[in-house]
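Coordinate analysis (summary)
Below are the chains, spelled out letter by letter.
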Amino acid sequence: MTLEILRVGLDVPLNRLFDYLNNGFKAQVGSRVVVSFAGRHLVGVIVEMTNASDVALDKLKPVQHVFDDVVFDAHMFKLLKFCADYYHYPLGQAMISALPLRLRQIKPAVTRKSFVYQLISPINVDALPKRQIVLQRILQALQMNISQTEAQLAEISSGWRKAVAQLKELGCLQQTEVVAVKASLKSSNVEPTINAEQQQVIQSILNEAGHFKPWLLYGITGSGKTEVYIQILKTILSEKNAQALVLVPEINLTPQLETRFRSRLSEYPLVTLHSNLSESERLQSWQAANTGSAKIVIGTRLGVYTSMPNLKIIIIDEEHDGSYKQQDGMRYHARDVAIMRAKQLDVPIVMGTATPSLETWHLVKKQQYGLLRLKERAIENAQLPKIHCIDISKSPTENGLSPILIKAMRERLSRGEQSLLFINRRGYAPVMHCNACQWIASCMRCSARLVVHLGQKRLKCHHCGHEQKIPIQCPDCGNPDLRPIGQATQRLQQTLEALFPIARIARVDRDSVRNKDALTDLLTKVHNKEIDILVGTQMLAKGHDFPHLTLVGVIDTDTALFSSDFRASERLFSQLMQVSGRAGRAEILGEVLIQTAFPQHALFDALRAQDYESYADSLLDERSTMQFPPTTYFALLKAEASDYNQVLTFLQMAVNLARETSNEVTIYDPLRPQMERLKSMERGQLLLQAPSRQALQKLLRLWMPQLRSDKQASRIRWALDIDPLEF
Ligand code: ADP
Ligand code: ZN
Ligand code: ZN
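Residues numbered from 1 in each chain as written. Chains lettered and ligands numbered in written order. Predicted model: local features only at pLDDT ≥ 70, side-chain atom pairs only at ≥ 80, totals over all residues. Heavy atoms only, no water.

**A few points about the overall build of the protein chain**
If you tally the helices and strands in the protein chain, you get 20 helices and 31 strands. With respect to the principal axes defined by its C-alpha atoms, the protein chain has extents near 85 × 65 × 65 Å. The proportion of buried residues among the 727 residues of the protein chain is 55%. When contacts within the protein chain are restricted to residue pairs at least 6 apart in sequence, long-range pairs at least 24 apart make up 75% of them. For the protein chain, the exposed surface amounts to about 32,600 Å²; the carbon and sulfur share of it is 50%. When the 86 positive and 73 negative side-chain charges of the protein chain are each reduced to one mean point, those points stand 4 Å apart. (Helix = DSSP H or I, 4+ residues; strand = E, 2+ residues; numbered from the N terminus. Buried < 20%, exposed > 50% of the residue type's maximum accessible area, 1.4 Å probe, protein only. Contact = heavy atoms within 4.5 Å. Areas by Shrake-Rupley, 256 points an atom, 1.4 Å probe, with all protein chains shown as cover. Lys, Arg positive; Asp, Glu negative; His and termini not counted. Charge placed at Lys NZ, Arg CZ, Asp CG, Glu CD.)

See below:
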């Protein structure tokens, strides 16, 4: 018998594969195995099969088990290897983290059935035992929403199963099995007639559908980009077995998108992949994609690693969105990974947005990406809203609102139209202040202020989750008169309720809208004109259609205007453009009023002119002058420890090594990030700046192994962030 050695990738922080002896299992590359490693049993993936090993044969351990599923094909390996190389992350960890949790566990991954629950008969809450708090809360949730998934119930309490069993016994609960691969909804959405602009875009993409081609679909909000995706998929999926991957920033914020895809492409089984699925739903979705039975996968950034044997096109909606960047573990950018995947598979990739990222815009200018434009709003007579600035240095605000904005809202109310106020800060107020001694409530664990949540009478840190009661007096001087300063969603809502007592006001932020169903319910109310005024964070900015909304007010942007973050203007522009895009979606012209003390700022000029292109060009020039991305390439070495001296010693060692290694790459001195302390860890970082990816990678290939083997490095936490979004 010839020797069979399995080279296995494991979830351990070592940049290598591990050899095990196969003793009679039927094995193939891409299958999962169970092996023993440092006294533990681990799940791994077979990367290679060979008959020789650098390890002495009598030292090789036998593999414990080989599963018969194949989780990665040759393409997925190629992609994962590329990512492990590019992001300098151990291949084994990259592979294992691409799998749903259930496939990383040793027990066989049987798809357990998953259910949704709904009340079928009213129940008398008083008849239930009062002391069973879990039962009471589960019941409340069921009474508030039409149905609850297992994941939602589990969020309420880990003891949900017992409560559900009790309710089932009473005969008032119905349980329905969830099938991940649903036969989609009946066509409820009428199909619009594609307009000439859309037709041209669709034709261009389809003409080159047989090979790798990156497209920027640059279309204003409401120009019908989603409709274009649907039409392209109709054609591409009509080929036998073809599959499509659609990436979206946050599925929960765009429930309408999934519904539209399900109803308009109902002949193609569709699954979703995002972090709000239960583990068994996620496994089901993943397996449906991996076996080819799902034809459409809609996923958030983690979806980019879904194994799909017949992938023919990738679509990335809102390609500029920062949530495509993973911020821990392997810090990949899903858009960049998707482009590589499309290239390796030789298939087209369509990136849609109203405000392209400067990275993408740069490559369009260099003609590496095709440019497709949609300049008109798709719905007849719908126009882009008129944008004006309200100079708050001349017209002061009261409780955050200027008289002009209040008047505009009053007009909308009297006409039965809707208004939206956008403020990107949740809570009641960002600062709790003592005006006797200037004390400000700040987090003990982070360099951050505590946000006032008045309703719960608590102060919360939005960075580490720390919370505490609002003190009854100043901890420094004893002054009992502590004041919340500044505006946030809850306070604005309160102000509006006082100003417009008859208006129906809804707040949309992460505190008030916790899941997709809650958001869907709310959007339905907005559609049915059951709400007059919306107050919310960027949760409101994305992709929702609000046909009766004619006024958008933007409350506080000036901190972002002068942020030290070099991407702040780009991000602010796209946020304002998106939120402005919510107004004027139907026949009535919309208006956007932005409160600012700097109405002459170039960003507002561009916004008023609805001219992102020239603004993006000027930002690109600026970046190029300052030698910032996308004209140069950054990597950031981040380190943290409870003692900053340790961080500094490590970073200084890293600087010295890097300067010895390369003279092409600029290595800056160690710095503290803006958030110096986070979760009680002192932080420091080191910026590398290179004229090309090649130069950067050349340095990293030599430098990373040196860092990994350094003694200091094992004592602190550190990570490398390639193409960091912020620093
Ligand atoms: P985007 O994704 O660019 O924001 P959508 O695809 O959501 O735009 O389209 C905006 C609105 O216009 C939707 O209500 C959509 O149904 C409608 N729409 C799209 N294409 C057309 C068309 N050709 N004719 C009429 N309405 C259209
Ligand atoms: Zn004080
Ligand atoms: Zn904190």
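So that's the structure; there's more coming.
**Topic: unusual backbone geometry**
The omega torsion across Pro629 and Pro630 is 5 degrees, close enough to zero to call that bond cis. Within the secondary structure, Pro630 sits in the loop between α18 (612-626) and β27 (633-641). Of note, the phi angle at Ala38 is positive, near 45 degrees, even though the residue is not glycine. Turning to its location among the elements, Ala38 is positioned in the loop between β3 (31-37) and β4 (40-50). Unlike most non-glycine residues, Asp346 shows phi in positive territory, near 60 degrees. For Asp346, the position within the fold is in the loop between α10 (334-345) and β14 (348-353). Classification of Asp346 by relative accessible area gives partly exposed; the value is 41%.

**Structural notes on the site of ligand 1**
As a matter of local geometry, ligand 1 sits amid 18 residues, with Thr193, Gln198, Lys225, Thr226 and Arg260 nearest to it. Contact between ligand 1 and Thr226: an oxygen atom at 2.6 Å from a side-chain N or O atom of the residue. With respect to ligand 1, the backbone of Glu227 contributes an N or O atom lying 3.2 Å from an oxygen atom. For ligand 1, whose accessible area on its own is 550 Å², the fraction buried by protein is 81%. The dominant element in the shell around ligand 1, judged by the number of residues it contributes, is helix α7 (residues 225-237), at 3 residues. Looking at the shell around ligand 1 residue by residue, the class counts come to 5 nonpolar, 8 polar and 5 charged. (Near = heavy atom within 4 Å. Polar contact = N/O pair within 3.5 Å; in protein donor to acceptor, adjacent residues only side chain to side chain. Nonpolar A, V, L, I, M, F, W, Y, C, P; charged D, E, K, R; others polar.)

**Structural notes on the side chain of Thr360**
One can find Thr360 in helix α11 (residues 358-365). Thr360 sits in the buried class, given a relative accessible area of 1%. Sequence-distant contacts of Thr360, that is, excluding residues within four places in its chain, are made with Leu216, Glu319, Arg335 and Tyr369.

**Structural notes on the coordination of the zinc ion (ligand 2)**
On the protein side, the zinc ion (ligand 2) has Cys434 (SG), Cys437 (SG), Cys474 (SG) and Cys477 (SG) as donor atoms, found 2.2 to 2.4 Å from it. The coordination sphere of the zinc ion (ligand 2) comprises 4 donor atoms, whose angles at the metal cover 104 to 113 degrees; the geometry is tetrahedral. Summarised as a motif, the one-chain spacing of the donors to the zinc ion (ligand 2) is C-x2-C-x36-C-x2-C. Taken together, the positions of Cys437 in the loop between β18 (431-434) and β19 (451-453) and Cys477 in the loop between β21 (467-469) and β22 (482-485) put the pair 40 residues apart, joining distant regions of the chain. (Donors = N, O, S within 2.8 Å, 3.2 Å for Na, K, Ca; no water. Tetrahedral: all angles 85-135°; square planar, octahedral: opposite > 155°, others 65-115°.)

**Things to note about the environment of Asp556**
Among the secondary structure elements, Asp556 is positioned in the loop between β25 (549-554) and α15 (558-561). Asp556 sits in the partly exposed class, given a relative accessible area of 35%. A polar contact of 3.1 Å, which involves the side chain of Asp556, links it to the side chain of Arg425.

**Description of the coordination of the zinc ion (ligand 3)**
Bound to the zinc ion (ligand 3) are the protein donor atoms Cys443 (SG), Cys446 (SG), Cys461 (SG) and Cys464 (SG), situated 2.3 to 2.4 Å from the metal. Along the chain, the residues donating to the zinc ion (ligand 3) are arranged with the sequence spacing C-x2-C-x14-C-x2-C. We note that Cys443, like Cys446, is buried.

**Notes on helix α14 (residues 516-527)**
If you check α14, its first and last C-alpha atoms are 16 Å apart, about what 12 residues at 1.5 Å a residue would give, namely 16 Å. Of the positions making up α14, those classed as buried are Leu519, Leu522, Leu523 and Val526. For α14, the arc enclosing every buried residue in end-on projection is 100 degrees, short of the 170-degree limit, so these residues lie on one face. The secondary structure elements touched by the buried residues of α14 are α8 (255-264), β17 (418-422), β23 (505-508) and β24 (533-536). Just beyond α14, the residue with positive phi is Lys529, at close to 60 degrees. (Expected span 1.5 Å × (residues − 1). Arc of directions from axis to C-beta.)

**Side note on the pattern of salt bridges**
All told, the structure shown has 38 salt bridges when counted by the stated rule. Between Glu570 and Arg623 there is a salt bridge whose closest N-O contact spans 2.8 Å. Of this pair, Glu570 sits in helix α16 (residues 568-580) while Arg623 is found in helix α18, placing the two residues 53 residues apart along the sequence. (Salt bridge = Lys/Arg side-chain N within 4 Å of Asp/Glu carboxyl O.)

**Digging into the nonpolar core**
As a rule of thumb, nonpolar side chains are buried together in soluble globular proteins. Core analysis: the largest hydrophobic core is formed by 125 residues, its most contacted members being Phe72, Tyr305, Leu534, Leu576, Leu688 and Trp703. The next biggest cluster of nonpolar side chains, apart from the first, holds 29 residues, and it includes Leu217, Leu265, Leu270 and Ile315. (Core = buried A, V, L, I, M, F, W, Y, C linked by side-chain atoms within 4.5 Å.)

**Observations regarding the side chain of Asp532**
Examined against the element boundaries, Asp532 turns out to sit in the loop between α14 and β24. Side-chain polar atoms of Asp532 contact the backbone nitrogen of Arg504, separated by 2.8 Å.

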